[in-house]
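# Tertiary structure, described
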Amino acid sequence: RDAIEDGDTNFTVRMRVETNDADYAAIELDSLEGVNEEGAEALDYSAMDDLADDALLMALQARIGDHDVFGYQGANSARTLLFGSVEVHDDGTIESIYNGDVMEAPGESILAFMRGFNTEHGWPQGQFDRIDPMVSDLHHIFPCDIDSNSARASYGFGYTSDPDATGSNLGSSLTDSRDRVYQVRPERRGDTARAHFYMVARYTFDNSLEVGFDDDDFAENGSMEDFEEAVLRQWHEEDPVDEWEDRKSVV
C-alpha cells in the first residue's frame, strides 16, 4: 500500500537463481504478480516537531527501525527489487544516479551488471562491513553505471572546482580541505543528501547492530564530517523532493 493518489497499480517481480552450483543454476522461477494498493495513511511525525539533535534521532529510529530486510544476494533480494520494480520508471527504464544513463529495466542485478550497471551505496558499504540491514537498505542504494560507481568509490560528497558542472565529477573540494570529493549532478543531489541523512537517523541509535559505522573516519558512531554535512544540507535545498522520489519512497 502507499499514500499516493494513483489508484491500485499492478507490478511484476522477476526472479532468477544466482549460484555456482550447476544443479541449481538452470532453475527457472516464476514471476510474482502483485498490486500496490492505494490507501495507506502517511506516518504522522508531528510529535517530533519540538525534538532536536540526539532526541530527534532516537525518536526517528524508534519509528522507522523495523523495516523489512530483504538481503543483498539472491532472487528475492533488495537488488532484485531495485532493478525489477523500485527504480523502474513508467517507460520501463532505470537511470544511473550519477551520469543519467538509462537502460531498459533488467529485472535482475546480474543482468544489470552484464549491461554495464551495478548497485551504488550512498553510504559506502565498507564503512559498515557490508552487513545487513545497511547493505540492502533500499533507501540508500541506487542503480549506477559501472564507471561512475568506480569513480565515486567511497569518497565523501562535496563541491569540486566546477560546482556548476551538469554532470557528476571527482575533484578537490572547493569549500574545505578535503583532497577528493564527489560532486553529484544537480538533478540527483537532493536524493543523495536525503539518503545520507536517512542512514544517520535509521542506524545511529540502533542497538541491534553488530558493527559500528561512520562517515567521518574518527568514531564508529554514525556521524559524518561537518564539511560533508554542510554540503549535503545545501544539496537538499538545491534539489527538493520531486514526484519520482516521493513515489519511490513508499513503494
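Above this text sits the structure in question.
The paragraphs below set out a description of the structure included in this document. (Residues numbered from 1 in each chain as written. Predicted model: local features only at pLDDT ≥ 70, side-chain atom pairs only at ≥ 80, totals over all residues. Heavy atoms only, no water.)

### Here we look at the overall build of the protein
In plain terms, the rule: Helix and strand assignments come from DSSP, with helices taken as H or I runs of at least 4 residues and strands as E runs of at least 2, each series counted from the N terminus. Here the globule rule reads 2.2 Å times residues to the power 0.38, and the radius of gyration is calculated from C-alpha atoms. Note on classification: 1.4 Å probe, protein chains only; a residue is buried when its accessible area is under 20% of the maximum for its type, exposed when over 50%, partly exposed between these limits.
Counting its secondary structure elements, the protein contains eight helices and eight strands. Radius of gyration (C-alpha) of the protein: 19 Å, near the 18 Å computed for a compact globule of 251 residues. Expressed along its principal axes, the backbone C-alpha trace of the protein runs to roughly 50 × 40 × 35 Å. Of all 251 residues assigned to the protein, the portion counted as buried reaches 43%.

### Side note on helix α7 (residues 226–238)
Quick reminder of the rule: The length a helix should cover is 1.5 Å for every residue beyond the first. Relevant arc is that of directions from the helix axis to the C-beta atoms, nothing else. By the convention used here, residues are in contact when the closest approach between their heavy atoms is within 4.5 Å.
Across its 13 residues, α7 extends 19 Å between first and last C-alpha, which sits within 8% of the 18 Å expected from 1.5 Å per residue. Of all the residues in α7, the buried ones are Glu228, Val231, Leu232 and Trp235. The arc that holds the buried residues of α7, viewed along the axis, is 100 degrees, so those residues lie on one side. In α7, the exposed residues that point more than 90 degrees away from the buried face are Asp226, Arg233 and Glu237. On its buried side, α7 packs onto β8 (181–183) and α6 (189–203).

### Overview of the packing of aromatic side chains
Quick reminder of the rule: Here a Phe, Tyr or Trp ring, Trp counted by its six-membered ring, pairs with any other such ring whose centre lies within 6.5 Å, and the pair is stacked when the planes are under 30 degrees apart, edge-to-face when over 60, and tilted otherwise. The criterion is that NZ of a Lys, or CZ of an Arg, lies within 6 Å of the ring centre and within 35 degrees of the ring normal, and then a charge sits over that ring.
This model, assessed by the stated rule, comprises three aromatic pairs. Between Tyr159 and Trp235, the aromatic rings sit 6.0 Å apart at their centres with planes inclined by 90 degrees, giving edge-to-face as the arrangement. Of this pair, Tyr159 sits in the loop between α5 (146–152) and β7 (169–171) while Trp235 is found in helix α7, placing the two residues 76 residues apart along the sequence. Neither Tyr159 nor Trp235 differs from the other in exposure class; each is buried. Taken together, the aromatic side chains of Phe157, Tyr159 and Trp235 make up a single cluster linked through ring pairs. We note Arg63 situated over the ring of Tyr45; from NZ or CZ to the ring centre the distance is 5.1 Å.

### Notes on the environment of Val69
You can see Val69 is positioned in the loop between α2 (53–64) and α3 (78–86). Spatially, the C-alpha atoms of Val69 and Leu138 are 9.2 Å apart, while their sequence positions differ by 69 residues. What Val69 contacts, discounting residues up to four positions off in sequence, is Asp132, Pro133 and Ser136.

Shape is all these values report; function is a separate question.
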